[in-house]
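# Residue-level structure breakdown
Chain by chain, the residues run as shown.
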Amino acid sequence: MPAEQFHEWLRREGRIVVVGASLAGLRAAETLRAEGFRGSLTMIGDEPYQPYDRPPLSKAVLLGKAAPDRTDLPRRRDIDAVWRLGTAATGLDLAAQRVRLADGDEVPYDRLLIATGVRARPWPKEEEAQLDGVFVLRTRDDAVRLHRRLKAGPRRVFVIGAGFTGSEIASACRDQDIPVTVAERADAPLVGALGGVVGAVAAELHHDHGVDLRTGVMVTGLEGSPVGRVRAAHLSDGSVVETDLVVVCLGATRNTEWLTGSGLGAGPRGIACDAGCRAFDFRGIVTDDVYVAGDVARSPHPLFSYQFLSLEHWGNAVAQAEVAAHNMISASSDRIPHMWVPAFWSSQFGVNIKSVGVPSMGEQIMITQGSLTERRFVGVYGYQGRVIAAVSFDNTRWLEFYERQIETGAPFPVEYPTMDRRPEGRKAMPADFPDPSLPTHGPTVTLSGYSPADRRLVFTPSRH
Amino acid sequence: MTQPSLLRRITDYSSRADPYPLYAELRRTPVLHEEEGGPYVVSSYYDILGLLHDPRISSDAGNLTAPGADELSEPEATGLPPSFIRLDPPEHDRLRRIANSSFGPPHRPHRIDDMREELGRIVAELLDELGDEREIDLVDQFAYPFPVTVICRLLGVPREDEPRFRAWVDPIVTGLDPDSRNDPGAPVQRAAQEARVQLGMYLAGLAEQRAKEPRDDMLSDLMSGHGPDGAMSTMEVLSTAVLLLIAGHETTVNLITNGMLTLLRYPEHLRRLREDPGLSAAIVEELLRYEPPVQLVPSRTCITDIELRGVTIPKGSRIWLVLGAGNRDPERFTDPDRFDPDRGDIQHLGFGSGVHVCFGAPLARLETQIALTALARRLDNPRLVEDPPPYRQNAVLRGPRHLNIAIDGVLP
Ligand SMILES: Cc1cc2nc3c(=O)[nH]c(=O)nc-3n(C[C@H](O)[C@H](O)[C@H](O)COP(=O)(O)OP(=O)(O)OC[C@H]3O[C@@H](n4cnc5c(N)ncnc54)[C@H](O)[C@@H]3O)c2cc1C
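Read on for a plain summary of the structure. All values reported here derive from a predicted model rather than from experimental measurement.

## Notes on the overall build of chain A
When helices and strands are tallied, chain A shows eight helices and 30 strands. For 464 residues, the compact-globule formula gives about 23 Å, and the C-alpha radius of gyration of chain A, at 23 Å, lands near that figure. Counting only C-alpha atoms and orienting by the principal axes, one finds that chain A spans roughly 65 × 60 × 40 Å. Taken across its 464 residues, chain A has 58% of its residues classed as buried. The long-range share in chain A, meaning contacts at least 24 apart out of those at least 6 apart in sequence, stands at 67%. Total accessible area on chain A is roughly 18700 Å²; 49% of this is exposed by carbon and sulfur atoms. Positive and negative side-chain charges of chain A, numbering 52 and 56 respectively, have mean locations separated by a distance of 2 Å.

Put into structure tokens, the structure is as follows:
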């Protein structure tokens, strides 16, 4: 069938299967229908729930402001899909174009979208991880359980890892007057994602809100009671913290195991794909019928020297899903690249934190607006003479400007005056990221790829 | 004879009814600078959006080195300090945060939504009062009294004072018209000045009272200063109150009036709204794109030379952001001159953007949704008496002065 006819046929009566029925999966499905796909659509998800939203799980839900089972994602349109919920995909036959399911079924496809995301990395010592009172937070079920325990009034919560999720949980505890200890291997919270300069501000936030913050330490073990309930955490500095509730926030693991042996370029760092979201096979050859989107994807970005980026960002999942869906049913000449500028937000201790670009690539930082001491500022990250990222604390509305600075490869240090610029903002200082070879809780952006020779480039995103 | 400059043609009253063809002409020169000392006029969507988020662009008149009319600000003669609309961060942020802590999230997330019922009641009363008239002036009889009543309630102006209050607001608003401001000795200006002083004194008295005996209104909140940012000074409270009062209701009058005018021009949407009040949100968003009550922001200036589209705008220059033109930029919106509430992607500039994004937006949205829904449902067979209607002088806060509508009656 000639290509054009094929795509017409595909749109009319093709079979599209989406594995991973969460944010990226749902948005892709909606986009497919919005763009006129009339064939059959199957949504496969291992969780028993309709797609729901995760960011509230560590924020509003833990604060008791939203019920954990009430964070369903809003629907933009009817997607008329066959739902296979509560059923994991267990394998993929690339040649036969079939997805194998845990219940033994096989689902054939003409186009496949993989959006299986990531899962929380559990506490590595299995026996200790099994103790009653030890939690992770990724799913609605996790949130229901954690929420219930928090409501019961624990004596002390112990959080392992001061990344975004760990910090948000600590913040939610303090908001409800629950004593909380946070242990972090790095020297400050959020350093993996935002570096030491901003990390120091985050540390003050913890202190000011009465968090018992322990940095530069590792948790060496969790101790259980005779009946198997957690009762203490042991730290590398020899200290012991008594606790009855532990939340493990050590970053995430990509859900790619089910693809082992399929021949797809999938591994612990995610599934590699091209800028059009087409998955690579293990030989680095791009497929034409398998697409990836969301947290599980790893894709090259022209703004960041074509490094492969793995992003655990809500906005990325949405944007990538839309691009993947469009490309799946379009002829090659109509396909569009996924060139979203990474952006992430968090809210903790009453502060709105937002970043654009890839802070962890930054060598230096300048505070261009506001001030670190007031904890209301914009910081700009520089990499090899250009602006590579920006972060704001309670200053979100300026970020659009900095996003453009990133897109256009604007020079760093920032020379021009800005409103609300204080003396401390006139000089660039080391951004102070920890040695990337040392593990922390993990940033939410990971550079995971080959980097061609560095060059200055002007990036002009297409606007629709 | 030379053609008058494009800017002059836009501000000229004769183009008030339909400035959009001129805006299209304007967009052909993305950064227009027609005369020495004149403003740099920016009219395309992405440029405006960019400048609204640009930390090198100031709202503080103190940074201006070029003269020019300044329609949105309050004249200085009142002795009040500038309100946050005319300040930059960090002062702007502080005042706005304090004001917001009694108006919206996170401290008062439900304040506006809790007014829903009351708004409905006010609208119903106004419509009931129309009785069995066969021709109404929507502006005088509805679109104007409605938001004034609402802002009085919100601020905490006692019901019995509303008539006095309205009598001051009227001349002040008339005085905002750029044409009348050219002549400070004109009766209009004197009246406005007089009213402003009276309003200031009245508000000061009220504020003092609320400081002693707080109630559940914004004046009390502003005077109490319980928020994390501390308190405003009394003078700051007064200038904030005047800002909320003027900026708040002045724009809503136009939004409601423009809304009804547009719906009468696109009767299929009026019919749909009558049948499905759920459409009102989309209709109001599209209105804010299609006929924004604030057509342009004339009060920005840059604190350093900035380059835009190959033009260097020198430090201290006046910059006009023509929101009404950006909203109809074909680079951003397909078929921009069509009123289409179903377009889905309506990221308009009607409320501006960035740190100065319209403070009262949630209230204006709700008021207009409720007003248009009620008008659609209760006006029996409404017809425009004249099209276009007579407009007000103002090119910045643009809207009809009167909107005469023939009706067969008011439905219960
Ligand atoms: C607590 C929390 C707070 C967050 N806060 C923020 C925030 O503030 N800002 C922000 O930008 N981002 C935040 N995020 C990240 C954001 O939620 C993710 O980026 C987003 O959910 C990614 O969507 P996704 O669809 O790619 O993956 P996921 O949402 O992880 O969905 C993947 C789905 O696939 C399912 N699945 C996995 N394997 C299989 C299989 N073999 N078969 C079938 N189904 C499978 C999974 O169970 C899951 O339901 C937060 C995440 C969490 C957990």
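## Details of the interface of chain B and chain A
When the parts of a complex come together, some accessible area is lost, and that lost area is often taken as the interface size. Between chain B and chain A, the residue contacts involve 23 residues of the former and 17 residues of the latter. The contact between chain B and chain A buries some 1800 Å² in all, and 61% of this surface belongs to carbon and sulfur atoms. It is Y46, H53 and P55 of chain B that lose the most area in chain B upon contact with chain A, and together they represent 34% of the buried surface on that side. In this structure, the connection of chain B to chain A is made through one salt bridge. For the pair chain B and chain A, the interface holds three residue pairs in polar contact (both at pLDDT 80 or more). Secondary-structure elements contributing two or more residues to the side of chain B that touches chain A are α3 (45–52), β3 (57–58) and α4 (91–101) of chain B. Broken down by element, the residue count for the side of chain B that touches chain A peaks at four residues, all from α3 of chain B. Classifying every residue of the side of chain B that touches chain A gives ten nonpolar, five polar and eight charged.

## Remarks on the pairing of strand β27 (residues 376–383) of chain A
Two faces, one strand: in a regular strand the side chains alternate between the faces of the sheet. Residues and elements named next belong to chain A. Most of β27 sits inside the fold, with seven of its eight residues counted as buried. For strand β26 (residues 364–371) and β27, the ladder comprises seven bridges, and the chain directions are antiparallel. Looking at β27, one finds that S371 is bridged to R376. The antiparallel pairing of β26 with β27 creates a hairpin that spans four residues between the two strands, and R375 there sits at a positive phi of about 60 degrees.

## Looking at the sheet that holds strand β5 (residues 98–101) of chain A
Residues and elements named next belong to chain A. Spatial ordering of the open sheet is given by β4-β5-β6, a layout of three strands whose pairing is antiparallel. The sheet is open, and its two edges are formed by β4 (89–93) and β6 (106–108), each paired on a single side. Taking the axes of each pair of neighbouring strands and ignoring which way they run, one obtains an average angle of 25 degrees across the sheet. When β4 meets β5, the two strands line up antiparallel, connected through four bridges.

## Topic: the packing of aromatic side chains
Residues and elements named next belong to chain B. Using the criterion set out here, one finds 20 aromatic pairs over all chains in the structure. Above the ring of Y45, the side-chain terminus of R332 is found at 5.0 Å from the ring centroid. The ring of F333 has R332 lying over it, and the distance from NZ or CZ to the ring centre is 4.6 Å.

## With respect to the side chain of D295 of chain A
Residues and elements named next belong to chain A. Among the structural elements, D295 can be located in the loop between β21 (286–292) and β22 (297–301). The class for D295 is buried, based on a relative accessible area of 12%. Of note is the side chain of D295, whose polar atom sits 3.1 Å from the side chain of R138. In this view, D295 contacts G117, V118, R138, R254, L311, E312 and H313; residues no more than four positions away in its chain are not counted.

## A few points about the sheet that holds strand β14 (residues 230–235) of chain A
Residue and element names in this part refer to chain A. Across the sheet, which stays open at both edges, the three strands sit in the order β13-β14-β15 with antiparallel pairing between neighbours. Each end of this open sheet is capped by a strand with a single partner; those strands are β13 (219–224) and β15 (240–242). Going from strand to strand, the sheet's axes swing by 20 degrees on average, the running direction of each strand aside. Sheet topology note: the β13/β14 ladder contains five bridges and is antiparallel. Of the residues in β14, the one forming a bridge with V219 is L235.

## Digging into the environment of Y109 of chain A
All names here are of chain A. By the secondary structure assignment, Y109 is in the loop between β6 and β7 (111–114). A relative accessible area of 0% places Y109 in the buried class. When the C-alpha positions of Y109 and R98 are compared, they lie 6.0 Å apart, and in sequence the two are eleven residues distant. Excluding residues within four positions of it along the chain, Y109 makes contact with R15, V17, L92, D93, L94, Q97, R98, V99, D289 and V290.

## Remarks on the site of the ligand
Residues and elements named next belong to chain A. Near the ligand, the surroundings consist of 30 residues, among which D46, E47, R54, K59 and W345 are the closest. At the level of elements, α2 (23–34), β2 (40–45), α7 (314–328) and β24 (343–348) are the ones that each hand at least two residues to the shell around the ligand. In the shell around the ligand, the residues fall into 14 nonpolar, nine polar and seven charged.

## Things to note about the environment of S330 of chain A
Residue and element names in this part refer to chain A. Locating S330 in the fold gives a position in the loop between α7 and β24. Residue classification places S330 among the buried residues on the basis of a relative accessible area of 4%. In the structure, S330 is positioned 322 residues away from E8 in sequence and 8.9 Å away in space, judged by C-alpha atoms. Sequence-distant contacts of S330, that is, excluding residues within four places in its chain, are made with H7, R11 and R335.

## Considering empty space enclosed by the protein
Here the structure, examined in full by the defined rule, presents seven cavities of 30 Å³ or more. There is about 770 Å³ of room inside the largest cavity. The wall of the largest cavity is formed by 42 residues, among which I85, A247, T251, C358 and F359 of chain B lie closest to the centre. Taken together, the elements giving at least two residues each to the lining of the largest cavity come down to α4, α7 (145–155), α12 (234–265), β5 (297–302) and α16 (361–378) of chain B. When grouped by side-chain class, the residues that make up the lining of the largest cavity number 24 nonpolar, twelve polar and six charged. When its volume is computed, the second largest cavity comes out at roughly 70 Å³. Lining the second largest cavity we find A297, R298, S299, P300, H301, L309, L311, N316, Q320, H338 and W340 of chain A. Of all the elements in the fold, those that place two or more residues in the lining of the second largest cavity are β22, β23 (307–311) and α7 of chain A. Here the residues of the lining of the second largest cavity are counted per class, giving five nonpolar, five polar and one charged.

Rules of the game
- Residues numbered from 1 in each chain as written.
- Chains lettered and ligands numbered in written order.
- Predicted model: local features only at pLDDT ≥ 70, side-chain atom pairs only at ≥ 80, totals over all residues.
- Heavy atoms only, no water.
- Helix = DSSP H or I, 4+ residues; strand = E, 2+ residues; numbered from the N terminus.
- Rg over C-alpha atoms; globule rule 2.2 N^0.38 Å.
- Buried < 20%, exposed > 50% of the residue type's maximum accessible area, 1.4 Å probe, protein only.
- Contact = heavy atoms within 4.5 Å.
- Areas by Shrake-Rupley, 256 points an atom, 1.4 Å probe, with all protein chains shown as cover.
- Lys, Arg positive; Asp, Glu negative; His and termini not counted.
- Charge placed at Lys NZ, Arg CZ, Asp CG, Glu CD.
- Buried area = accessible area lost by both parts, 1.4 Å probe.
- Salt bridge = Lys/Arg side-chain N within 4 Å of Asp/Glu carboxyl O.
- Polar contact = N/O pair within 3.5 Å; in protein donor to acceptor, adjacent residues only side chain to side chain.
- Nonpolar A, V, L, I, M, F, W, Y, C, P; charged D, E, K, R; others polar.
- Pairing = 2+ DSSP bridges.
- Axes fitted to C-alpha atoms, helices over the stretch in contact; angles between N-to-C directions.
- Phe/Tyr/Trp six-rings, centres within 6.5 Å; stacked < 30°, edge-to-face > 60°.
- Lys NZ or Arg CZ within 6 Å of the ring centre and 35° of its normal.
- Near = heavy atom within 4 Å.
- 1 Å grid on protein atoms, 1.4 Å probe; cavity = no way out; pocket = protein on both sides within 12 Å on 5 of 7 lines; lining within 4 Å.
- Points joined across faces, edges and corners; volume = space filled by probe spheres on them.

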